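Descriptive structure summary
Listed below are the residues making up each chain.
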Amino acid sequence: MTKLVYEKPVISKITAGIPSKFGLPTRQKFIPDIDGIPVEKIMEEYGSPVFVLSEKTMRNTFAQAKQAFETRYPKVQFAWSYKTNYLNAVCSIFHDQGAWAEVVSAFEFQKALSLGVNGSNILFNGPEKSEEDLKLAIEHNACIHIDHFDELYLLIKVTRELDKKARVAIRINLDAGIYPIWDRFGFNYENGEAWNAINRIMLAEKLDLIGLHTHIGTYIMSANAYAAAASKLANLYMATHRKFDYWLKYIDLGGGFASKNTLKGAYMPGTETCPSFDEYAEAISNALISSEIPHENLPVLFLETGRALIDDAGYLLTTVLANKRSTTGRRTMVIDAGVNLLFTSFWYNLGVYPTRQLSSHLEESTIYGPLCMNIDVIRDAINFPQVKTGEKLVIERVGAYNMTQWMQFITFRPNVVMIDLEGKMHIVRKKENLDTLTSLEQNPKR
Ligand SMILES: *Cc1c(COP(=O)(O)O)cnc(C)c1O
């Protein structure tokens, strides 16, 4: 017989049946499997910690987003935001579903090319594009989203030298009611900078202006902000037509749709407060369709949605290493996954769950990662049942940004496993080892 877990007696107010601000008390949620595969089995095969991606969730989420927009607007094109998760297996699934590539560096540009994306289906964003990067983009006929005047002048120089035309759009920052305004990227709408940039580009012989782009921020919880942004871009689209008798091809509203994660300090869980794809699509399509733009000249609507498409599909499986009491008597746990793997734990109260029904006596606890560093806190306050060391836990909604912003620090980065539509598991990125980490090092001979 296995030894029972010792549980410290806790005194708690009886609230049975009384609704709190979150409704009636619910049972502790647990996650026994991912797409039908028991968590234990995945960890037996691929170790702990391990990232798991669900192809099914990715495809379903993408299909929902696509349907929300395509049923409301005639011409829609998604472009997968590489920096959100640029694992080849992930990008390939979105490309397979018709998404173009949205990249913000030469590295990401090359990655898209290596995955077979046609250069003309790559949107090249970001403030850092060297002369060499611009040449690469022109060579491949990509859409270059110009960020600032210095880039514009450099591009004019490069196109003249190459004697080749470049397809360009401008990034525009604007007041959509979201503060602080991300005015460090692109040309400002309100002060006339964006209009000035459009005029300069229309005058440049070797630049084909084809689109207007904005990315108002990330985790935007108001669909109306997109309506405001779309209206302003529609104004510029019409102004361009009036002055130059020319129709631009597209309006790109960037990314930023909120995923269902809960921001730190939020009163209600993200699952309750984040707009659905339908709500975003409704606001955006209303703004464009009822703008001044004649319906036969409506632009293609580009969307560079990142986190909202992948966050739910990612899980991190982890093991409890230790239980401790702090000097104040607070319950704490150490798990084998830290902030080196979970960059988003700095912004979100990530959901951490057991794999099975444990005690229903929950106690406010702190969950630490394994790093020898004080900031390695995965949850500073979470109601959690008593667990033994070795207990497996599931951290959900970690598909966005963690697998790109993770850092190599103290430990190896773990396996990333994808569960395909048939329920088969595949390693899509192998666990690092000493060789992967030292292969670039050189020790000076003395
Ligand atoms: C990061 C980024 C995106 C994706 O943003 P999400 O918030 O993940 O949807 C899209 N476009 C640009 C230009 C970006 O920098």
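Residues numbered from 1 in each chain as written. Predicted model: local features only at pLDDT ≥ 70, side-chain atom pairs only at ≥ 80, totals over all residues. Heavy atoms only, no water.

The next thing to look at is helix 8 (residues 223-244). Spanning 22 residues, helix 8 covers 32 Å between terminal C-alpha atoms, matching the ideal 32 Å at 1.5 Å per step. Here helix 8 starts with a cap whose side-chain oxygen sits 3.2 Å from the backbone nitrogen of Asn 224, and that cap is Ser 222. Once helix 8 finishes, Asp 245 follows within two positions and takes phi at roughly 50°, a positive value. (Helix = DSSP H or I, 4+ residues; strand = E, 2+ residues; numbered from the N terminus. Expected span 1.5 Å × (residues − 1). Polar contact = N/O pair within 3.5 Å; in protein donor to acceptor, adjacent residues only side chain to side chain.)

Quick look at the UniProt feature "active site" (unreviewed entry) in the protein chain now. Listed under "active site" (unreviewed entry) in the UniProt record, and renumbered for this structure, are Cys 372. Relative accessible area serves as the criterion here: at 76%, Cys 372 is assigned to the exposed category. (UniProt positions renumbered as here; feature names shortened; annotations may be inferred. Buried < 20%, exposed > 50% of the residue type's maximum accessible area, 1.4 Å probe, protein only.)

Another aspect to go through is the pairing of strand 19 (residues 416-419). Because side chains alternate across strand 19, one face comprises the buried residues Val 416 and Met 418, and the other comprises Val 417 and Ile 419, equally buried. Examined bridge by bridge, strand 3 (residues 50-54) and strand 19 share 4 bridges and lie parallel to one another. Looking across to strand 19, one finds that Ser 54 is bridged to Ile 419. Inspection of the sheet shows strand 19 paired to strand 20 (residues 425-429) by 4 bridges, in the antiparallel sense. Bridge pairing links Ile 419 to Met 425 in strand 20. Where strand 19 folds back on strand 20, the antiparallel hairpin that results is connected by 5 residues, among which Gly 423 adopts a positive phi of roughly 80°. (Pairing = 2+ DSSP bridges.)

If you walk through the whole model with that rule in mind, you get 21 aromatic pairs. Taken together, a centroid distance of 5.7 Å and an interplanar angle of 45° make the contact between Phe 62 and Phe 94 tilted. Taken together, the positions of Phe 62 in helix 2 (residues 55-70) and Phe 94 in helix 3 (residues 88-96) put the pair 32 residues apart, joining distant regions of the chain. You can call Phe 62 buried: its relative accessible area is 3%. With a centroid separation of 4.8 Å and 70° between ring planes, the pair formed by Phe 149 and Phe 187 is classed as edge-to-face. Placement of the pair is Phe 149 in helix 6 (residues 149-162) and Phe 187 in strand 9 (residues 187-188), with a sequence separation of 38 residues. (Phe/Tyr/Trp six-rings, centres within 6.5 Å; stacked < 30°, edge-to-face > 60°.)

What follows covers the site of the ligand. Among the 16 residues in the neighbourhood of the ligand, the closest are listed as Lys 83, Thr 218, Gly 256, Glu 304 and Tyr 401. Between the ligand and the protein, one listed contact pairs an oxygen atom with a side-chain N or O atom of Thr 218 at 2.4 Å. At 2.9 Å, a backbone N or O of Arg 307 approaches an oxygen atom of the ligand. Taking 390 Å² as the accessible area of the ligand by itself, protein coverage stands at 95%. (Near = heavy atom within 4 Å. Areas by Shrake-Rupley, 256 points an atom, 1.4 Å probe, with all protein chains shown as cover.)

Here we take up the pairing of strand 10 (residues 207-213). On a regular strand, one side chain projects to one face of the sheet and the next to the other, so that they alternate. Of all 7 residues in strand 10, 6 are buried; the element is thus mostly enclosed. Where strand 8 (residues 166-173) lies against strand 10, 6 bridges are found, and the strand directions are parallel. The residue bridging Val 168 from the neighbouring strand is Leu 209, located in strand 10. In the sheet, strand 10 pairs with strand 11 (residues 250-252) via 3 bridges, with the strands oriented parallel. Paired with Leu 212 across the bridge in strand 11 is Ile 251. In this view, the connection linking strand 10 to its parallel neighbour strand 11 by way of helix 8 has right-handed handedness. (Right-handed = clockwise from strand over helix to strand, strands pointing away.)

Taken as a whole, the second largest pocket holds about 840 Å³ of empty space. Lining the second largest pocket are 31 residues, with Lys 83, Trp 182, Thr 218, Arg 307 and Tyr 401 positioned closest to its centre. If you list the elements that add at least two residues to the lining of the second largest pocket, you get helix 4 (106-114) and helix 12 (402-405). Looking at side-chain class alone, the lining of the second largest pocket contains 12 nonpolar, 13 polar and 6 charged residues. Residues lining the lining of the second largest pocket come from more than one domain, with at least three contributed by each of domain 1 (33-53 + 312-431) and domain 2 (55-310). (1 Å grid on protein atoms, 1.4 Å probe; cavity = no way out; pocket = protein on both sides within 12 Å on 5 of 7 lines; lining within 4 Å. Points joined across faces, edges and corners; volume = space filled by probe spheres on them. Nonpolar A, V, L, I, M, F, W, Y, C, P; charged D, E, K, R; others polar. Domains from an automatic or database assignment.)

This next bit is on the UniProt feature "modified residue: N6-(pyridoxal phosphate)lysine" (unreviewed entry) in the protein chain. UniProt records the feature "modified residue: N6-(pyridoxal phosphate)lysine" (unreviewed entry) at Lys 83, using the numbering of this structure. Tracing the backbone through its elements, the reader meets Lys 83 in the loop between strand 4 (76-81) and helix 3. Other than its neighbours up to four places away in sequence, Lys 83 contacts Val 104, Glu 108, Tyr 401 and Thr 404. (Contact = heavy atoms within 4.5 Å.)

What follows deals with the nonpolar core. In this structure, Phe 69 and Ile 170 are the most contacted members of the largest nonpolar core, which totals 112 residues. The element best represented in this core is helix 8, accounting for 11 residues. Structurally, this core is a two-domain feature, drawing no fewer than three residues from each of domain 1 (33-53 + 312-431) and domain 2 (55-310). If we ignore the near neighbours within four places in the chain, the residues touching Ile 170 are Ile 146, Phe 187, Ala 194, Ala 197, Ile 198, Ile 201, Leu 209, Gly 211, Leu 212 and His 213. (Core = buried A, V, L, I, M, F, W, Y, C linked by side-chain atoms within 4.5 Å.)

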